[in-house]
Amino acid sequence: MFVDTAKLKIQAGKGGDGCLSFRREKFIPKGGPDGGDGGRGGHVIFRATSTINTLLHFRHQPHLRAQSGQAGMGRRMHGANGEDLLVPVPIGTIVREAESGELIADLSEDGEEITIAAGGRGGLGNDHFKSSTNRAPRRTTKGKPGEELEADIELKLLADVGLVGMPNAGKSTLISRISASRPKIADYPFTTLEPNLGVVDLGDYRSCVVADIPGLIPGAHSGKGLGAQFLRHVDRCSLLLHLVDASVPLDRALADLDAITRELELFSPSLANKPRLAVMSKLDITEARNSAGELRVGLELRGYDVIGISSVSGEGLRPLIGHISRALTHLAGGLDIPRANAAGSGAEVS
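Every value quoted in this text rests on a predicted model; they were computed, and no experiment measured them.

> Just checking my understanding: could you explain the packing of helix α3 (residues 250-267) against helix α5 (residues 286-301) for this structure?
With their axes 10 Å apart at the nearest point, α3 and α5 run at an angle of 30 degrees to one another. It follows from the interaxial angle that α3 and α5 lie roughly parallel. In the packing of α3 onto α5, the handedness of the crossing is right-handed. Where α3 approaches α5, its residues Leu-250, Ala-253, Leu-254 and Leu-257 are matched on the opposing element by Glu-294, Leu-295, Gly-298 and Leu-299. Its residues assigned to classes, the contact of α3 with α5 comprises 6 nonpolar, 1 polar and 1 charged.

> I keep staring at the sheet that holds strand β4 (residues 85-90) and nothing clicks. Help me out?
Overall, mixed pairing links the 3 strands, which are arranged β4-β2-β7 in an open sheet. Of all strands in the sheet, those with a lone pairing partner are β4 and β7 (113-117), marking the two edges. For this sheet, the mean inter-axis angle between neighbouring strands, taken without regard to orientation, is 35 degrees. Sheet topology note: the strand β2 (residues 44-49)/β4 ladder contains 6 bridges and is parallel. Among the inter-strand pairings, Thr-49 is bridged to a residue of β4, identified as Pro-90.

> Explanation requested: α5 in the structure shown.
What sets the pattern is the α-helix's 3.6 residues per turn: residues three or four places apart point alike. For α5, built from 16 residues, the straight-helix expectation of 22 Å at 1.5 Å per residue is met to within 8% by its first-to-last C-alpha distance of 24 Å. Considering bend angle alone, the principal kink of α5 is centred on Ala-292 and spans about 50 degrees. Taken as a whole, α5 has its buried residues at Ala-288, Ser-291, Ala-292, Leu-295, Arg-296, Gly-298 and Leu-299. Looking at the buried side of α5, the elements it contacts are β12 (239-245), α3, β13 (276-281) and β14 (305-308).

About the criteria used
- Residues numbered from 1 in each chain as written.
- Predicted model: local features only at pLDDT ≥ 70, side-chain atom pairs only at ≥ 80, totals over all residues.
- Heavy atoms only, no water.
- Axes fitted to C-alpha atoms, helices over the stretch in contact; angles between N-to-C directions.
- Helix = DSSP H or I, 4+ residues; strand = E, 2+ residues; numbered from the N terminus.
- Parallel < 35°, antiparallel > 145°, perpendicular 65-115°, else oblique.
- Left-handed = near helix turned anticlockwise from the far one by under 90°.
- Contact = heavy atoms within 4.5 Å.
- Nonpolar A, V, L, I, M, F, W, Y, C, P; charged D, E, K, R; others polar.
- Pairing = 2+ DSSP bridges.
- Expected span 1.5 Å × (residues − 1).
- Bend = angle between axes of the 7 residues up to and from the residue.
- Buried < 20%, exposed > 50% of the residue type's maximum accessible area, 1.4 Å probe, protein only.

Worth remembering: the numbers are spatial, not functional.
This is the structure in structure tokens:
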């Protein structure tokens, strides 16, 4: 089960109290104070890891509490520090303070760690308060409470390329052909119920991560369909591939593209400014092949660079991967993306 949001109550450990103690030894009638300090409370630490890809485990454990520090002891013995609570989270996890929405952490690299809540400082034993004028202090301090907060966490998948489009546009079939990902594929809308990631070999020992985002529909930004909960996952992508089903009537295909474009703009203005490539899918179908020319013109008039593909036959997949490779290279260098192959087809992918 894919879970990408959670609400947590986080509490770091309390510091241990300082100790009130005096030396009691034979032949030393005035041994003096020897109360030790309390130990520090445990921190709550989030660590990004590639071994998990969902926030499901927080559904069963919404309260995170670190261990408290031990109290100080006699003979100036320091109480043990509370054990830190190390919490694994998926790469791409964002942590915000629930009430204010303030960003606390954005964990985007494997192994990255951040202390979400710091443990309380341990109290001071009476040994700390001895002086020439106060040789038998009876003063100690209590341990400080650990930091406590309610946090909203969300997962934004880290992918280089995002596949967007209407339900049944062919996104899952495409990612299954260009990567080792094996999403569920069926001939009905909303087959994909959660994002799928695939690693695509770009050649020359290079690769990229492609995210198959569940189908969007008009109104997705406001909660309709499945899009509202998954649009956040394309926010980090460098390049968007907008799949357009070429087998449907021309007017509907263009209307679908315009509708998805509006949803991206309404959800986040930054999404509308991301580089996008229009991909005409299902060219193995006769109706799609016959209308591909007119559809290409309509897409180009809207400012799109266009590639035609068939995920079933493999037509156009190699030019598509080549364009992705060049686009990501240019984006990494801050350069304009070169135009795709105008022919929209090429050597088949076996």
